[in-house]
Amino acid sequence: MSGAAIPLGAALRLPAPAKLNLMLHILGRRADGYHELQTLFQFLDHGDELGFALREDGEIRLHSAIPGVNHDNNLIVRAARQLQQHSGCPLGADIWLDKRLPLGGGIGGGSSDAATTLLGLDHLWQLGWSEDRLAELGLGLGADVPVFVRGRAAFAEGVGEQLTPVELAEPWFLVAVPQVLVSTAEVFSDPELTRDTPPIKVRSLLEGGGRNDCQPVVQKRYPEVRNALILLNKFVPARLTGTGACVFGSFPNRDDADKVARQLPAALPSFVAQGRNVSMLHRKLATLAKK
Ligand SMILES: C[C@@](CO)(OP(=O)(O)O)[C@H](O)COP(=O)(O)OP(=O)(O)OC[C@H]1O[C@@H](n2ccc(N)nc2=O)[C@H](O)[C@@H]1O
Ligand SMILES: Nc1ncnc2c1ncn2[C@@H]1O[C@H](COP(=O)(O)OP(=O)(O)O)[C@@H](O)[C@H]1O
């Protein structure tokens, strides 16, 4: 991406971590067309970074462009404007984005950027909004925004907004990034999508199991994703996250994950990161609260 680095003048720098959907079941379709899910979210210690500085004139300016996303449609700008409108805050902000997460990868980059913007500006503008209020506002921006606002690994139901925090093992993940952009809307409108998985209880899930119901449709439509799953499966059980395109496998330590990463072809970029039950954003905010 063409993003300027975050300048030293930014008053606040905050991470926007990626997430994985460790499993994703589709239970049915609601009257409004959205799908009822059960999914398990865990954060990664890898992500984008945002910088914020206060503006007295009420303007919201994002200084880093993402190719293909115009300024006003960027989830960062939309999140900032929503918070401004709903809080009646007269202040504005200069915002910078160091974009490291792939777009449309199923690792939640856009949603995480939006959540970091909501929490970052709540801090900068000293609004004192509760997490509940910020999560509710975030849901209007995207189904995955609330989990990033709350920052706890969670079992999610509904369209992803009913969250039950969970304590999971924190293994290392190798995340492969097929060079293709998967459209979430396209996957959810595929007639072949499994939409009738019976609901499960969180306890049975934590004992292992689960799958990603989007995977058969995505690997059929996107050969890049199919190939990535085949390649990674040679080393470790591989699975799709969200609606893709990223696929991942888990390892007990960083070295094992790095070894496999080195054996993947150059045409399939990847990164290694640790699964975390508390997001890096919330760890950073906790240190600011102590100051
Ligand atoms: C399914 C997940 C799992 O994390 O996929 P990823 O986007 O992360 O891959 C997300 O909940 C996705 O959330 P998000 O990416 O915010 O989706 P949205 O932009 O709200 O939805 C894009 C389109 O997908 C369909 N959609 C999305 C979510 C859902 N539960 N049911 C749906 O049918 C709708 O047609 C919607 O218009
Ligand atoms: N700040 C942002 N970062 C990433 N994508 C954004 C952002 N703002 C808007 N978008 C749009 O949202 C789409 C999906 O975003 P992203 O979160 O990267 O994918 P996914 O939901 O699959 O993880 C992108 O393809 C892009 O068009």
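The name recorded for the protein in an unreviewed UniProt entry is 4-diphosphocytidyl-2-C-methyl-D-erythritol kinase, from Pseudomonas benzenivorans. Turning to the protein, the UniProt annotation filed under Pathway (unreviewed entry) states: "Isoprenoid biosynthesis; isopentenyl diphosphate biosynthesis via DXP pathway; isopentenyl diphosphate from 1-deoxy-D-xylulose 5-phosphate: step 3/6."

Here the focus is helix H10 (residues 280-290). Residues lying three or four places apart along an α-helix face the same way, a consequence of the helix completing one turn every 3.6 residues. Within H10, the full set of buried residues consists of Leu281, His282, Leu285 and Leu288. Each buried residue of H10 sits inside an arc of 115° when the element is viewed along its axis, so together they form one side. Looking at the packing, one finds that the buried side of H10 touches strand S1 (12-29), helix H2 (109-124), helix H3 (131-139) and helix H4 (145-150). Sitting at the amino-terminal end of H10 is Ser279, which places a side-chain oxygen 3.1 Å from the backbone nitrogen of Leu281.

Attention shifts here to the site of ligand 1. Inspection of the region around ligand 1 gives 18 residues, with Lys19, Tyr34, His35, Asp144 and Thr243 positioned closest. At 3.3 Å from an oxygen atom of ligand 1 is found a side-chain nitrogen or oxygen belonging to Asn21. Thr184 has a polar side-chain atom sitting 3.4 Å from an oxygen atom of ligand 1. Considering ligand 1 on its own, with 690 Å² of exposed area, one finds that the protein chains cover 79% of that surface. If you map ligand 1 onto the pockets, it falls in the largest pocket. Only S1, strand S2 (35-55) and helix H5 (184-188) provide two or more residues apiece to the shell around ligand 1. Residue classes in the shell around ligand 1 are distributed as 8 nonpolar, 8 polar and 2 charged. Taken domain by domain, the shell around ligand 1 gets at least three of its residues from each of domain 1 (12-166) and domain 2 (172-276).

Cut-offs and rules
- Residues numbered from 1 in each chain as written.
- Chains lettered and ligands numbered in written order.
- Predicted model: local features only at pLDDT ≥ 70, side-chain atom pairs only at ≥ 80, totals over all residues.
- Heavy atoms only, no water.
- UniProt positions renumbered as here; feature names shortened; annotations may be inferred.
- Buried < 20%, exposed > 50% of the residue type's maximum accessible area, 1.4 Å probe, protein only.
- Helix = DSSP H or I, 4+ residues; strand = E, 2+ residues; numbered from the N terminus.
- Arc of directions from axis to C-beta.
- Contact = heavy atoms within 4.5 Å.
- Polar contact = N/O pair within 3.5 Å; in protein donor to acceptor, adjacent residues only side chain to side chain.
- Near = heavy atom within 4 Å.
- Areas by Shrake-Rupley, 256 points an atom, 1.4 Å probe, with all protein chains shown as cover.
- 1 Å grid on protein atoms, 1.4 Å probe; cavity = no way out; pocket = protein on both sides within 12 Å on 5 of 7 lines; lining within 4 Å.
- Sits in = over half its atoms within 2 Å of the grid points.
- Nonpolar A, V, L, I, M, F, W, Y, C, P; charged D, E, K, R; others polar.
- Domains from an automatic or database assignment.

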